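What the coordinates show
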Amino acid sequence: MKALKIIALITLFVLVCGFLVPDRRTIPVAGATRSDWNANTFWFEPWGSSGVHKGIDIFATRGTPVVAATDLVLLYRGELPKGGKVVLGLGPKWRLHYFAHLDSVNQNGLFAVRGESLGTVGNSGNALGKQAHLHYSIVSLLPRPWLVDGSTQGYKKAFYLNPIKYLTD
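In short, a report on the structure. Computed from a predicted model, the values in this text were never measured in an experiment.

1. Remarks on the overall build of the chain
Along the chain, the regular secondary structure elements total two helices and 11 strands. Along the chain, from the amino end to the carboxyl end, the secondary structure elements read α-β-β-β-β-β-β-β-β-β-β-β-α. The C-alpha radius of gyration computed for the chain amounts to 17 Å, which stays within 12% of the reference 15 Å derived for 169 residues, consistent with globular compactness. Each of the three principal axes of the chain carries a C-alpha extent, and together these read 60 × 40 × 30 Å. Taking all 169 residues of the chain together, the buried fraction comes to 42%. The contacts in the chain between residues at least 6 apart in sequence include a share of 61% that link residues at least 24 apart. Of the roughly 9,100 Å² of accessible surface on the chain, 64% is carried by carbon and sulfur atoms. The centroid of the 18 positive side-chain charges in the chain is displaced by 8 Å from the centroid of its 10 negative side-chain charges.

2. Topic: unusual backbone geometry
Working note: non-glycine residues mostly have negative phi, and peptide bonds are mostly trans. Positive phi is not limited to glycine here, since K93 has a value of about 65 degrees. Relative to the elements of secondary structure, K93 occurs in the loop between β6 (84-91) and β7 (95-105). If you check the backbone angles, W94 has positive phi at about 60 degrees while not being a glycine. Within the secondary structure, W94 is located in the loop between β6 and β7.

Criteria and cut-off values
Residues numbered from 1 in each chain as written. Predicted model: local features only at pLDDT ≥ 70, side-chain atom pairs only at ≥ 80, totals over all residues. Heavy atoms only, no water. Helix = DSSP H or I, 4+ residues; strand = E, 2+ residues; numbered from the N terminus. Rg over C-alpha atoms; globule rule 2.2 N^0.38 Å. Buried < 20%, exposed > 50% of the residue type's maximum accessible area, 1.4 Å probe, protein only. Contact = heavy atoms within 4.5 Å. Areas by Shrake-Rupley, 256 points an atom, 1.4 Å probe, with all protein chains shown as cover. Lys, Arg positive; Asp, Glu negative; His and termini not counted. Charge placed at Lys NZ, Arg CZ, Asp CG, Glu CD.

Structure representation (C-alpha cells):
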C-alpha cells in the first residue's frame, strides 16, 4: 500500500511538472507570418481520407527551415505514409506537436528548444506533387471535453488544438 502511494505521488509530481514548464511559442517555419496559412484550414472538410483537416498548413519555399514551435522532447523522427517525413515532439502542458511533409529531417537529439531547426519544408507523403508546406498539428494528451462540438468528428476536438489560436494567443 505504501508503494502505491509513492507511485501515485510521483505520477502527480510528473503531471504537475508538465504544466509548469514554460510554453514559449514561435511559428514553426522560419520567417513565416500569419499570412502564410489559411485562417480556415483547421477543421476544414472534406479533407481526403482523414475527413477533417486537424492542423494547419504553413506554406513556404521548399527547403525553408522548420523549427520547434516550443521546447520539445523529441519522440519520433521518420516517415509515415500520409505525413511523409515527420517529427513528433512532446511539449509543455502534455501536448504533442506534429510536423509533417518535411523535405528533410535534421534533428538528431532528444530535445529541441524553441526555434531550433527540426528539418525543412517539403511536400513528402500525401502532399507529393502539391505546393511545399508544413502541416502542423497539436494534440493534447489530456482531453478537453468542453471543446467537443457537433461538427464532423467534433468529439476529436477534445484532443486536437487549433494551432492558429496556439500560435497567435
